[in-house]
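# Working through the structure, step by step
Next come the chains, spelled out residue by residue.
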Amino acid sequence: MTIDTLNFTPWSALLGGILIGAAAAMLVLLNGRIAGISGILGGLLRPARGDILWRIAFIAGLIIAPIAYGVFYAWPEIQAEADAGALIAAGLLVGVGTRYGSGCTSGHGVCGISRLSPRSITATVVFMAAGFVTVYLIRHL
């Protein structure tokens, strides 16, 4: 394994991680809510009174932030090594997995592990192991 030192950006990655952690901490401390994207989006599908505005603001931030980034910096080139059908199937499988896993990687991985939740630690280990196995099978078999 080699690291592309010309494109290795640890400082921006560190800053991004700090911002994600701070946002997740603020949401739980100020609003009592976990920053799990699937739960936030799912809450918009069956909204409760007084529980809509912060969810819309959170999702809007996810959409506006990369647009704002694109104003100041060139967007990175994205190369997908799969056809549209495979990408759609993968997205649907991830959606089903978040329902069975009672949350997504952001809820379990960022928020759950920081709270030392055994369920979240287990879920994150399973997410990562499934990803490792999938990449190995697709690239080596």
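Residues numbered from 1 in each chain as written. Predicted model: local features only at pLDDT ≥ 70, side-chain atom pairs only at ≥ 80, totals over all residues. Heavy atoms only, no water.

On to the confidence of the model for the chain, then. On average, the chain scores 88 in pLDDT, and the residues at 70 or more come to 99%. Within the chain, no element has a lower average pLDDT than helix α5 (residues 105-114), which sits at 86, and none a higher one than helix α3 (residues 53-72), at 93. (pLDDT = per-residue confidence, 0-100. Helix = DSSP H or I, 4+ residues; strand = E, 2+ residues; numbered from the N terminus.)

Moving on, we come to the environment of T124. Position of T124 relative to the elements: it lies in helix α6 (residues 118-140). Overall, the relative accessible area of 15% leaves T124 in the buried class. For T124, the contacting residues outside a window of four places in its chain are H108, G109 and I113. (Buried < 20%, exposed > 50% of the residue type's maximum accessible area, 1.4 Å probe, protein only. Contact = heavy atoms within 4.5 Å.)

Attention now goes to the nonpolar core. In terms of nonpolar packing, the biggest core is built from seven residues, these being A24, L27, A35, I40, W54, I59 and C111. Sorting the residues of this core by element identifies α1 (10-31) and α3 as the ones contributing at least two each. If sequence neighbours within four positions are ignored, I40 has contacts with L27, I34, A35, W54, R55, F58 and I59. (Core = buried A, V, L, I, M, F, W, Y, C linked by side-chain atoms within 4.5 Å.)

Before going further, it helps to spend a moment on the packing of helix α2 (residues 37-45) against α3. The N-to-C vectors of α2 and α3 enclose an angle of 125°; their axes lie 9 Å apart at closest approach. As summarised for this structure, α2 and α3 are arranged oblique, according to the angle between their axes. At the point where α2 passes α3, the crossing takes the left-handed sense. Contacts between α2 and α3 involve I37, G39, I40, L41, G43 and L44 on the former and, on the latter, W54, R55, I56, F58, I59 and L62. Looking at side-chain class alone, the contact of α2 with α3 contains nine nonpolar, two polar and one charged residues. (Axes fitted to C-alpha atoms, helices over the stretch in contact; angles between N-to-C directions. Parallel < 35°, antiparallel > 145°, perpendicular 65-115°, else oblique. Left-handed = near helix turned anticlockwise from the far one by under 90°. Nonpolar A, V, L, I, M, F, W, Y, C, P; charged D, E, K, R; others polar.)

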